[in-house]
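What follows is the residue order along each chain.
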Amino acid sequence: MRVRYSVIALSLPAVAWLGLAGTGSFAESKPNPGADCKPNGTALSLTASDNKFDKDCMAVPANQASTIAFENRDPGIPHNVSIYQDDTASKAYFKGEVIDGPKKITYNVPALPEGRYFFRCDPHPEFMYGNFVVGNPPPASTTTTTAPPTTTTTSGPRQVTYTVTGTKAPLDIITITFTDASGRSRMQRNVYIPWSFTLTPISNSDVGSVQAQSLLGLSRLNCSITASDGTVLSQRSDNSPTTSC
Ligand SMILES: [Cu+2]
């Protein structure tokens with residue numbers, strides 16, 4: 001019984017994960033935030049289709065007005081292009097008219113000083129955005145060159161493993177009672193041994209408890225409670241029909 005339970009517990013998250021990975025979620029189609037490109041004239045084009053832009057970077061020369069020929073191919077879905085100082089979108093340099101697809105529009109973008117800017121679709125800022133490069137600014141500063149995080153010695157929640165070992169007599173029925181992660185008492189009937197159960201107590205000072213009982217009094221049982229670092233918190237090994245740790 002115990003084995004079957006474990007297999008189910010393991011496979012459910014795996015299936016859930018595979019399911020998520022296969023649905024082509026927005027997370028998968030997020031544009032690359034580090035996308036870079038170089039200016040090639042002042043006439044840009046951009047297409048929105050299936051709620052995605054076809055570019056994650058656009059570039060124009062510095063201090064020159066430019067145009068964006070924008071095409072929204074999504075029927076009934078509003079899209080636009082706006083240009084901001086950065087991805088916080090707190091300072092706008094250009095806000096394009098929102099159009100419902102299918103429709104085309106040509107935006108007139110004012111001249112901008114050299115630098116790295118940000119463009120996005122205002123109705124869909126979570127997944128329709130890109131970098132707007134003006135002129136030939138220095139490479140985007142690699143903000144991830146900071147020192148590696150100091151080792152976090154604050155250990156996470158402590159794990160505790162209950163174990164019941166021994167020998168089960170034929171036809172005997174062993175019942176195990178233990179304290180679960182929330183402090184409640186749980187019972188498993190007719191278990192096979194060796195049996196073990198690992199949990200993370202809500203309280204780090206909580207050791208928990210486990211008891212095993214043989215119905216016919218013929219089995220020989222031992223128990224232990226160990227922490228994830230191997231520390232034995234409680235142990236009994238007297239091979240008796242009932243054991244308690
Ligand atoms: Cu949009």
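Each value, and the rule that gives it
- Residues numbered from 1 in each chain as written.
- Predicted model: local features only at pLDDT ≥ 70, side-chain atom pairs only at ≥ 80, totals over all residues.
- Helix = DSSP H or I, 4+ residues; strand = E, 2+ residues; numbered from the N terminus.
- Buried ≥ 20, exposed ≤ 12 C-beta atoms within 10 Å, placed from the backbone.
- Contact = placed C-beta atoms within 7 Å.
- Pairing = 2+ DSSP bridges.
- Axes fitted to C-alpha atoms, helices over the stretch in contact; angles between N-to-C directions.
- pLDDT = per-residue confidence, 0-100.
- Core = buried A, V, L, I, M, F, W, Y, C linked by C-beta atoms within 7 Å.

### Some words on the overall build of the chain
Alright, step 1. Check the secondary structure of the chain and you find 1 helix and 19 strands.
Alright, step 2. Considering the chain as a whole, with its 245 residues, one finds that 22% of them fall into the buried category.
Alright, step 3. A fraction of 59% describes how many contacts in the chain between residues 6 or more apart in sequence connect residues 24 or more apart.

### Quick notes on the sheet that holds strand β13 (residues 174–179)
Alright, step 1. The 4 strands lie next to each other as β14-β13-β16-β19, forming an open sheet whose pairing is antiparallel. Two strands lie at the open edges of the sheet, namely β14 (185–188) and β19 (242–244), each paired on one side alone. The mean inter-strand angle of the sheet, taken between neighbouring strand axes irrespective of direction, is 10°.

### Some remarks on the confidence of the model for the chain
Alright, step 1. On average, the chain scores 84 in pLDDT, and the residues at 70 or more come to 80%.
Alright, step 2. The low-confidence segment residues 1–28 (pLDDT under 50) makes 7 contacts with residues lying over four places distant or belonging to another chain.

### Focus: the nonpolar core
Alright, step 1. With 22 residues, the main nonpolar core has Leu46 and Phe132 as its most contacted residues.
Alright, step 2. Elements with a contribution of two residues or more to this core: β1 (43–49), β3 (57–60), β4 (66–72), β6 (82–84), β10 (115–120) and β11 (129–134).
Alright, step 3. The dominant element in this core, judged by the number of residues it contributes, is β11, at 4 residues.
Alright, step 4. With near-sequence residues (within four places) excluded, Phe132 lies in contact with Met58, Ile83, Tyr117, Phe118 and Phe119.
Alright, step 5. Within the second largest apolar cluster, 15 residues are counted, among which are Tyr162, Val164, Ala212 and Cys245.

### Re the sheet that holds β10
Alright, step 1. On the basis of which strands lie adjacent, the open sheet formed by 5 strands has the order β3-β11-β10-β6-β7 and mixed pairing. Lying at the two open borders of the sheet, with one neighbouring strand each, are β3 and β7 (92–95). The average angle at which neighbouring strand axes cross in this sheet is 25°, direction not considered.
Alright, step 2. Here β6 runs beside β10; their pairing, made up of 3 bridges, is antiparallel. Along β10, the bridge assignment pairs Ser82 with Arg120.

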